[in-house]
Amino acid sequence: MRIVKGGASLVLALFISSILTASSSPLARPYAGVQQGGAAGGNSTNGAKLITTVEGITEYRLPNGLRVLLFPDQSKQTVTVNITYLVGSRHENYGETGMAHLLEHLMFKGSTNHANIYQELTAHGGQTNATTTSDRTNYYQTFPAGDANLEWALKLEADRMVNSFIARKDLDSEMTVVRNEYESGENSPGVVLRKRVLGAAFDWHNYSRDTIGARSDIENVSIDRLQAFYRNYYQPDNAVLLIIGRFDPQKTLPLIATSFGAIPRPGRVLQPIYTVEPVQDGERLVTLRRTGDTQIVMAGYHIPAGSHPDSAALAVLLQVLGSVPAGRLHQALVETKKAAGVGGYNLQRRDPGMTFLLAELRRGDSIEAARASLLQAIEEVATKPPVPDEVERARTLLLKSLELTMASSEGLGLLMSDWIAMGDWRLFFIHRDQIEKVTPADVQRVAAAYLKPNNRTVGLFVPTDKPDRAEIPPAIDVDALTKNYRGKLAVSEGEAFDPSPVNVEARVTRTDLPGGLKLALLPRKTRGNTVVAVLTLHFGDEQSLANRAVAGAIVPPMLVRGTARHTRQQIQDEFAKLGAQVFVSGDATAATISIQTVRENLAAVLTLAAEILREPSFPFGEFDQLKQGLLAGLEAQRSEPQTIAARAYIRHLNPYPASDVRYNATLEEGLARVKALTVEEVRKFHADFYGASNVEFAAVGDFASREIEKLTGDLFGSWKSPRPFSRLVSRYLDIPPISESFETPDKANAIFIAALRLNLGEDDADYPAMVLGNYLLGGGFLNSRLVTRIRQKEGLSYSVGSSLSANALDRNGEFSVSAIYAPQNAAKVEAAVKEEITRALKDGFTAEEVAAAKSGLLQAQQTNRSQDGALAGKLASYRFLKRTFAWDAFFEQKIAALTPDQIVAAMRRHLDPARLTVIKAGAFAKADKSRP
């Protein structure tokens with residue numbers, strides 16, 4: 001699925017597609033399960049038939065029908081095991097909507113040989129998730145590379161395939177969790193609007209139904225139907241196993257045969273889905289009336305299946321329309337101030353799907369004018385074809401994005417699930433090849449074929465004597481398309497890298513350059529010659545930054561919107577040509593520019609980045625667009641429970657005066673401050689504060705250190721900061737607790753936040769114990785005390801957990817707990833949170849709990865250091881803190897040595913349930929009225 005993001009937050013909100021989930025239960029299988037010790041029959045590598053190899057990915061087929069994809073990448077320190085089942089909401093029958101996603105949750109509830117999957121996942125660290133779409137369900141884990149971890153993951157997935165419990169008791173508790181997840185989506189007008197548009201656009205095909213399902217089906221589906229669904233679709237002949245990262249294929253094939261080879265091919269035959277959506281013969285209108293603060297116009301058009309050759313031209317067309325700032329929608333609506341932001345995405349599926357294009361506008365603006373402009377800009381492409389420059393820009397952006405995906409084994413592996421679901425994993429490469437050949441004529445042709453009034457869903461039904469129907473081609477023969485396809489040469493290999501603190505420290509070189517630039521460089525060979533870099537500027541002090549917080553916060557997003565030598569579009573185009581992803585973030589105290597590119601382009605990317613930082617032009621038109629987008633985003637928060645509660649608790653625990661740069665404004669104050677801000681104030685902030693006298697630069701990847709030292713010195717060495725810098729001291733305050741409740745009418749989901757300030761720093765003796773204690777109480781993968789009680793046992797919340805933070809330089813920290821829930825469960829959630837904290841402080845944790853938490857936390861630390869982007873960020877941060885990775889080694893040694901008694905003793909010194917500030921927001925009045 002290709003997303004084109006515009007200036008408004010809505011476009012991101014509409015893409016919460018499918019959900020991680022978990023569950024435990026006994027279900028008898030009609031055949032023998034996997035034996036967790038050896039393969040049933042023959043040499044473990046026998047029968048793994050080689051099918052094809054494309055660009056480093058090799059496909060095998062087991063006799064039982066399981067497809068296996070191996071993608072070794074020795075430059076990684078992790079392995080990703082991903083299994084994709086070709087089943088999703090498209091396969092659900094009447095009364096079963098949401099069942100594929102509900103089953104995804106229950107698959108975490110345990111199996112014959114893995115009774116506590118949450119505990120095992122937590123103990124192995126790394127990252128794990130599961131997602132469900134209309135066409136497929138996938139489960140994946142990314143963990144530190146190693147034979148033991150890989151064998152464990154394969155055995156886990158094989159056992160889940162055939163021996164998952166899927167029990168009544170787990171459905172009872174997990175149903176309410178999924179229902180809570182459904183309610184969370186119901187809070188967003190944008191998400192609900194997309195459901196309505198899909199429902200109106202499809203007459204018969206199951207793509208009309210959102211993956212989360214109908215609330216009534218979630219609440220009432222029987223365990224018998226879930227078990228039958230599981231037995232039918234969770235089989236080796238309906239699954240694709242992908243292993244990607246650092247592993248030995250020759251050693252791994254026998255492991256796969258051992259884990260999965262004993263599973264017999266099922267005797268049943270999967271029935272094909274033969275429903276074909278009829279041609280739409282008139283435009284359709286959906287009007288959604290709900291509580292909200294911004295307006296949305298959305299237009300959906302039927303398009304061919306993702307495997308169809310037209311998908312490439314449609315991807316380019318989407319960029320031509322939806323990109324920012326050169327896209328036609330941006331110019332037609334945002335430039336003319338008819339909308340605050342625009343965007344779009346293609347819903348690529350196995351069967352014909354849809355393309356969506358949308359605009360978000362402020363409440364007082366004319367929605368009819370925005371609708372008219374949106375539809376005109378979309379549908380006039382058929383008569384006003386894109387010029388070559390538009391197509392070239394779009395194609396370059398798409399291809400560079402695909403190149404970066406190819407260089408990321410994890411990203412490519414996860415993306416493959418969607419292409420597998422569309423018919424074959426090789427479609428990814430074919431789609432890329434087709435994009436390279438797209439012409440302006442192709443873009444105009446598909447626009448004329450599909451973006452027509454009678455094929456859209458947004459407007460009124462208009463009878464007409466001569467309907468102009470869009471004939472959607474059927475899904476093509478994927479086997480014929482992919483037969484004998486070999487792809488292109490694989491990208492360059494990288495080195496095996498040990499992410500231990502000792503090795504990282506041994507590889508890092510640190511240099512202080514004249515002028516104040518502090519470097520931390522870690523060169524290493526990477527897949528595709530990639531390199532990531534982070535540069536952070538610090539400026540100002542408490543006095544000089546007073547009353548300038550808003551102007552300072554606007555500078556970072558304005559830096560990429562034009563310089564003395566380049567427009568916003570030229571900057572974007574140049575970075576795209578260089579294959580670079582560049583992000584600028586920051587506030588009124590610091591700014592950070594993050595870069596990902598390849599070795600041969602690093603110098604050019606850094607040169608342009610320096611121009612962005614040093615020579616921004618702050619064009620008024622761009623400033624006004626950004627300002628309107630910020631106002632729309634703030635106004636959208638008026639009725640949102642999560643933002644209301646978060647703002648309230650942050651303001652209470654951080655009581656700075658209104659003039660202080662750290663002051664947290666009320667919503668109305670924030671709106672007033674943004675409205676009053678002028679572009680001259682933003683320009684003056686940059687002139688007064690920006691310079692390189694207090695800068696950290698870190699890079700990880702394929703580069704030459706001496707070249708980077710010289711280049712950064714040339715680019716930034718003479719750039720002096722206009723004013724002195726003094727970091728803001730973070731002072732601990734003993735804040736008295738409060739309890740407040742905010743009413744948010746017509747919101748199905750409520751939020752609970754409990755928090756308190758801690759007199760704690762990262763160098764305190766209690767810090768390691770507090771970190772591990774928090775991990776046990778509310779961290780880990782769905783295996784903490786809070787999650788086990790509130791989600792797993794009582795089914796009150798889809799998302800619940802705790803967090804702990806501490807300042808690296810000052811004694812000031814924070815502990816917090818948050819949960820989403822149905823408003824009628826407010827009292828139960830609050831009581832459960834306080835009871836679990838009290839129980840942990842009274843009874844502590846078992847030795848088994850502590851051992852598992854240590855393993856998971858330490859492996860998570862290693863996984864984080866194995867990601868080049870995270871490592872570069874840490875290197876830059878450590879230069880500011882004057883730390884080395886000896887701190888990590890010391891911290892991890894302290895974690896490993898902790899005893900249960902030490903953990904609970906530290907928690908008792910710092911946590912007091914009576915001092916928790918509690919903030920709730922939700923539709924509590926309606927919930928009270930509904931109670932008997």
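Residues numbered from 1 in each chain as written. Predicted model: local features only at pLDDT ≥ 70, side-chain atom pairs only at ≥ 80, totals over all residues. Heavy atoms only, no water.

K.L.:
Looking at this model, I keep getting lost on the overall build of the chain. Mind explaining?
P.N.:
A tally of regular secondary structure across the chain gives 34 helices and 24 strands. Here the C-alpha radius of gyration of the chain, 28 Å, is about what a compact globule of 932 residues would show, namely 30 Å. On the principal axes, the C-alpha backbone points of the chain span a range of 75 × 70 × 70 Å. For the chain, with 932 residues in total, the buried portion stands at 60%. (Helix = DSSP H or I, 4+ residues; strand = E, 2+ residues; numbered from the N terminus. Rg over C-alpha atoms; globule rule 2.2 N^0.38 Å. Buried < 20%, exposed > 50% of the residue type's maximum accessible area, 1.4 Å probe, protein only.)

K.L.:
Would you explain the pattern of salt bridges in this entry?
P.N.:
Side-chain pairing between opposite charges can occur once the charged atoms of the two side chains come close. Scanning the entire structure with this criterion turns up 70 salt bridges. Of the charged contacts in the structure, one is a salt bridge between Lys109 and Glu174, with a shortest N-O distance of 3.1 Å. One end of the pair, Lys109, is in the loop between helix H2 (99-106) and helix H3 (117-123); the other, Glu174, is in helix H5 (residues 168-186), and 65 residues separate them in sequence. The pair formed by Lys109 and Glu174 is uniform in burial state, with each residue classed as buried. Close ionic contact of Lys747 with Glu640 constitutes a salt bridge, the shortest N to O distance being 2.9 Å. Taken together, the residues Lys747 in the loop between strand S20 (739-743) and strand S21 (750-758) and Glu640 in the loop between helix H22 (620-635) and helix H23 (641-653) connect sequence positions 107 residues apart. Within this structure, Arg789, Glu794, Glu835, Glu836 and Arg839 form a network of salt bridges that share partners. (Salt bridge = Lys/Arg side-chain N within 4 Å of Asp/Glu carboxyl O.)

K.L.:
Could you clarify how one ought to interpret the nonpolar core in this entry?
P.N.:
Soluble globular proteins: nonpolar side chains tend toward being buried together. One finds Leu226, Ile243, Phe260 and Leu772 to be the most contacted residues of the largest nonpolar core, which totals 119 residues. If we skip the residues at most four places from it in the chain, Phe260 touches Leu62, Asn64, Leu66, Ile83, Leu154, Glu157, Ala158, Met161 and Leu241. In this structure, Ala312, Leu317, Val342 and Tyr450 belong to the second largest nonpolar core, which totals 61 residues. (Core = buried A, V, L, I, M, F, W, Y, C linked by side-chain atoms within 4.5 Å. Contact = heavy atoms within 4.5 Å.)

K.L.:
Any chance you could explain unusual backbone geometry here in plain terms?
P.N.:
A negative phi holds for most residues other than glycine; trans holds for most peptide bonds. In this chain, Val324 is followed by Pro325 through a cis amide linkage whose omega measures 10°. Note that Pro325 resides in the loop between helix H10 (310-322) and helix H11 (328-334). With a phi angle near 65°, Asn484 is a residue other than glycine that sits in the positive phi range. With respect to the helices, strands and loops of the structure, Asn484 is situated in the loop between helix H17 (478-482) and helix H18 (501-507). Positive phi, normally seen in glycine, also occurs at Asn547, with a value near 65°. Inspection of the secondary structure assignment puts Asn547 in the loop between strand S16 (530-538) and helix H19 (549-559).

K.L.:
Any chance you could explain the packing of helix H4 (residues 147-163) against helix H9 (residues 249-260) here in plain terms?
P.N.:
Any two packed helices are characterised by the angle at which their axes cross and by the distance between the axes. For the pair H4 and H9, interaxial distance at closest approach is 9 Å and the crossing angle is 30°. When the axes of H4 and H9 are compared, the pair comes out roughly parallel. Read as a crossing pair, H4 and H9 show a hand that is right-handed. Across from Asp147, Leu150, Glu151, Leu154, Lys155, Glu157, Ala158 and Met161 in H4, the residues of H9 making contact are Lys251, Thr252, Leu255, Ile256, Ser259 and Phe260. When the residues that make up the contact of H4 with H9 are grouped by side-chain class, the tally is seven nonpolar, two polar and five charged. (Axes fitted to C-alpha atoms, helices over the stretch in contact; angles between N-to-C directions. Parallel < 35°, antiparallel > 145°, perpendicular 65-115°, else oblique. Left-handed = near helix turned anticlockwise from the far one by under 90°. Nonpolar A, V, L, I, M, F, W, Y, C, P; charged D, E, K, R; others polar.)

K.L.:
Before we go on, may I ask you to explain helix H31 (residues 868-881) in this structure?
P.N.:
Residue pairs three or four apart in sequence face the same way in an α-helix, which turns once every 3.6 residues. The terminal C-alpha atoms of H31 lie 20 Å apart, and with 14 residues this matches the ideal 20 Å at 1.5 Å per residue to within 8%. Taken residue by residue, H31 has Asp868, Leu871, Ala872, Lys874, Leu875, Ala876, Tyr878, Arg879 and Leu881 as its buried positions. Once H31 finishes, Lys882 follows within two positions and takes phi at roughly 60°, a positive value. (Expected span 1.5 Å × (residues − 1).)

K.L.:
Quick question: what am I supposed to make of the sheet that holds strand S15 (residues 517-523) here?
P.N.:
Judged by pairing direction, the sheet is mixed, and its six strands sit side by side in the order S14-S15-S19-S16-S18-S17 without closing on themselves. Edge strands, defined here as strands with exactly one partner in the open sheet, are strand S14 (509-512) and strand S17 (581-586). This sheet shows a mean twist of 10° between the axes of neighbouring strands, independent of strand direction. Alignment of S14 against S15, held across four bridges, turns out to be antiparallel. Counted as the bridge partner of Thr509 is Leu521 from S15. Along the sheet, H31 makes contact with S14, S15, S16 and strand S19 (695-701), crossing S19 at roughly 150°. (Pairing = 2+ DSSP bridges.)

K.L.:
So what exactly am I meant to see when it comes to the packing of H19 against helix H25 (residues 679-689) here?
P.N.:
At a minimum axis separation of 9 Å, H19 and H25 run at an interaxial angle of 85°. Relative to H25, the element H19 lies roughly perpendicular. Note on element contacts: H25 touches H19 through Glu681, Val682, Phe685 and His686, opposite Ala551, Gly552, Ile554, Val555 and Leu559. Tallied by class, residues from the contact of H19 with H25 come to six nonpolar, two polar and one charged.

K.L.:
Could you clarify how one ought to interpret the side chain of Glu390 in this entry?
P.N.:
Among the structural elements, Glu390 can be located in helix H13 (residues 388-407). Given a relative accessible area of 16%, Glu390 falls into the buried group. Excluding its chain neighbours within four sequence positions, the residues that come into contact with Glu390 are Val320 and Arg328.

K.L.:
Explain the side chain of Glu283 to me, please; I cannot follow it from the model alone.
P.N.:
Mapped onto the fold, Glu283 is located in the loop between H9 and strand S9 (284-285). Judged by its relative accessible area of 11%, Glu283 falls in the buried class. Here Arg456 takes part through its side chain, which lies 2.5 Å from a polar atom of the side chain of Glu283. (Polar contact = N/O pair within 3.5 Å; in protein donor to acceptor, adjacent residues only side chain to side chain.)

K.L.:
What am I meant to see in the environment of Phe202 here?
P.N.:
Counting through the fold element by element, Phe202 comes out in the loop between helix H6 (189-201) and helix H7 (215-220). According to the relative accessible area criterion, Phe202 is buried, its value standing at 4%. Between the C-alpha atoms of Phe202 and Thr457, which are 255 residues apart in sequence, the distance is 9.6 Å.

K.L.:
Teacher, can you tell me more about H19 here?
P.N.:
H19 sits mainly inside the fold: eight of its 11 residues count as buried. Buried within H19 we find Ala549, Ala551, Gly552, Ile554, Val555, Pro556, Met558 and Leu559. Where H19 is buried, its residues touch S17, strand S18 (590-598), helix H21 (602-614), H22 and H25.

K.L.:
Got a minute to help me understand the packing of aromatic side chains in this structure?
P.N.:
For any pair of aromatic rings, the description consists of the separation of the ring centres together with the inter-plane angle of the planes. Inspection of the entire model under this criterion finds 24 aromatic pairs. With 4.2 Å between their ring centres and 25° between their planes, Tyr85 and Tyr234 make a pair best called stacked. Placement of the pair is Tyr85 in strand S5 (residues 78-85) and Tyr234 in the loop between helix H8 (223-233) and strand S8 (239-245), with a sequence separation of 149 residues. You'll find Tyr85 and Tyr234 in the same group, each marked buried. One Lys or Arg, Arg160, reaches over the ring of Phe108 and ends 4.7 Å from the middle of that ring. A cation over a ring is seen here: Arg723 above Phe689, with NZ or CZ 5.2 Å from the ring centre. (Phe/Tyr/Trp six-rings, centres within 6.5 Å; stacked < 30°, edge-to-face > 60°. Lys NZ or Arg CZ within 6 Å of the ring centre and 35° of its normal.)

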